[in-house]
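# Residue-level structure breakdown
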Amino acid sequence: SAVISQKPSRDICQRGTSLTIQCQVDSQVTMMFWYRQQPGQSLTLIATANQGSEATYESGFVIDKFPISRPNLTFSTLTVSNMSPEDSSIYLCSVEQGNTEAFFGQGTRLTVV
Amino acid sequence: SQQGEEDPQALSIQEGENATMNCSYKTSINNLQWYRQNSGRGLVHLILIRSNEREKHSGRLRVTLDTSKKSSSLLITASRAADTASYFCATAAPPGNTPLVFGKGTRLSVIA
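The paragraphs below set out a description of the structure included in this document. (Residues numbered from 1 in each chain as written. Chains lettered and ligands numbered in written order. Predicted model: local features only at pLDDT ≥ 70, side-chain atom pairs only at ≥ 80, totals over all residues. Heavy atoms only, no water.)

## Re the pattern of salt bridges
Just so we agree on the cut-off: The salt bridge definition used is simple: a Lys or Arg side-chain nitrogen within 4 Å of an Asp or Glu carboxyl oxygen. By definition, any uninterrupted DSSP run of H or I lasting at least four residues is a helix, any uninterrupted run of E lasting at least two residues is a strand, and each is numbered from the N terminus. Partly exposed describes any residue whose relative accessible area lies between the buried limit of under 20% and the exposed limit of over 50%, with all areas from a 1.4 Å probe on protein chains only and scaled to the type maximum.
Taken as a whole and judged by the stated rule, the model has five salt bridges over all chains. The closest approach of N and O atoms between Asp87 of chain A and Lys65 of chain A, which form a salt bridge, is 2.6 Å. You can see Asp87 of chain A sitting in the loop between strand S8 (75-80) and strand S9 (89-96) and its partner Lys65 of chain A sitting in the loop between strand S6 (56-57) and strand S7 (68-72), a full 22 residues away along the chain. You'll find Asp87 of chain A and Lys65 of chain A in the same group, each marked buried. With a closest N to O distance of 2.9 Å, Asp83 of chain B and Arg60 of chain B form a salt bridge.

Rendered as structure tokens:
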């Protein structure tokens, strides 16, 4: 199984600022996924991040708002840019390993004030 | 767009009772997975059932899959207070297992 370390676990940010969330995996993985979970809601896929190429964004999410880096096979970052209160959510990174289950980080609880 | 729809949205039961949660989805799937989330934290994988399977067991968990109805159910038997959490079904379209599309989830409360 993969162990994922996600940082920060929570943050309170001022509107208009940006926050970068880090996701470190203890093994090499091809694809990493970033999800958003708005309060009381389910998870929505933001983008898929492959090493060495630009992330693939889902409908409703754009690179300018959620830039993603994937410098190697064990690490990725998601930046939430120019934040507004509507960005208050839990952000989770995820990986798949062994063609079975997905593994998740503990999430970053973001509050924008 | 959201693939799975769970019902009920919320379920409250007494300790020792069984809890049944249902999930419906819309398109062809490679497999269906159930996850658990405690207090808005990370998700924990519970069980995966492949599209060619009809039933699967893991401890106190029993999952069924009906591909003709595009539905699945998760049964937790002899529930415990520690089972209190949100439960999500997630599906992946062929050919792979990712990315996952999650249902809206069921909030289960088990009262001691």
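The discussion continues.
## Some remarks on the packing of aromatic side chains
The description of an aromatic ring pair rests on the distance of the ring centres and on the angle between the ring planes. The cut-off we apply is this: Each aromatic pair joins two rings of Phe, Tyr and Trp (for Trp, the six-membered one) with centres within 6.5 Å, and gets the label stacked for planes under 30 degrees apart, edge-to-face for over 60, and tilted for any other angle.
The final tally for this structure, using the stated rule, is eight aromatic pairs over all chains. Their ring planes at 65° and their centres at 5.6 Å tell us that Phe61 of chain A and Phe66 of chain A sit as a pair that is edge-to-face. Overall, Phe66 of chain A belongs to the buried group, its relative accessible area being 3%. Pairwise contacts between aromatic rings join Tyr35 and Phe104 of chain A together with Tyr35, Phe88 and Phe102 of chain B into one cluster.

## Remarks on unusual backbone geometry
The phi angle of most residues is negative, glycine excepted, and most peptide bonds adopt the trans form. Cis geometry marks the peptide bond from Lys7 of chain A to Pro8 of chain A, where omega comes out at -5°. If you check the backbone angles, Asn82 of chain A has positive phi at about 45° while not being a glycine. Mapped onto the secondary structure, Asn82 of chain A falls in the loop between S8 and S9. By relative accessible area, which is 54% here, Asn82 of chain A ends up exposed. A positive phi angle is found at Ala78 of chain B, which is not glycine, with a value near 45°. Checked against the element boundaries, Ala78 of chain B lands in the loop between strand S8 (71-76) and strand S9 (85-92).

## Regarding the sheet that holds strand S7 (residues 61-66) of chain B
Residues and elements named next belong to chain B. Short version of the rule: Only when DSSP finds a minimum of two bridges between them are two strands counted as paired. For every element, the axis is a line fit to its C-alpha atoms; helices are fit only across the contacting stretch, and the angle between N-to-C directions ranges from 0 to 180 degrees.
Spatially, five strands are ordered S1-S3-S8-S7-S6 in an open sheet, and the strand pairing comes out antiparallel. Of all the strands in the sheet, just strand S1 (5-7) and strand S6 (55-58) have a single pairing partner and so form its edges. Strand-to-strand twist in this sheet, taken as the mean axis angle between neighbours without regard to direction, amounts to 15°. Across six bridges, the pairing between S7 and S8 is antiparallel. Across the sheet, the residue bridging to Leu61 is Ile76, located in S8.

## Observations concerning the sheet that holds strand S3 (residues 19-25) of chain A
Residue and element names in this part refer to chain A. Strand order in the open sheet formed by four strands is S1-S3-S8-S7, and the pairing between neighbours is antiparallel. Each of the sheet's edge strands pairs with one partner strand only, and the pair in question is strand S1 (4-7) and S7. Looking at each pair of strands side by side, their axes are set apart by 15° on average, direction ignored. Here S7 pairs with S8 via three bridges, running antiparallel. If you follow Ser69 over to S8, its bridge partner there is Thr77.

## Focus: the state of the cysteines
Simply put, the disulfide is a covalent bond whose two ends are the sulfur atoms of two cysteines. Formally: By convention in this document, the label disulfide applies to cysteine sulfur atom pairs within 2.5 Å.
The tally for this structure, following the rule as stated, stands at two disulfides over all chains. The disulfide bridge from Cys23 of chain A ends at Cys93 of chain A, spanning 2.0 Å between sulfur atoms. Disulfide Cys23 of chain A-Cys93 of chain A: torsion about the S-S bond near 75°, hence right-handed. Of this pair, Cys23 of chain A sits in strand S3 while Cys93 of chain A sits in strand S9, placing them 70 residues apart in sequence. We classify Cys23 of chain A as buried; its relative accessible area is 0%. Residue pairing for Cys23 of chain B: its cysteine sulfur links by disulfide to Cys89 of chain B, the two sulfurs lying 2.0 Å apart. Where Cys23 of chain B bonds to Cys89 of chain B through sulfur, the torsion about that S-S bond is close to 65°, and the disulfide is right-handed. Taken as a pair, Cys23 of chain B in strand S3 (residues 19-24) and Cys89 of chain B in strand S9 lie far apart in primary sequence, 66 residues in all. The same class applies to Cys23 of chain B and to Cys89 of chain B, which are both buried. Among the cysteines around Cys13 of chain A, which has no disulfide bond, Cys93 of chain A carries the closest sulfur, lying 17 Å off. The class of Cys13 of chain A is buried, set by a relative accessible area of 9%.

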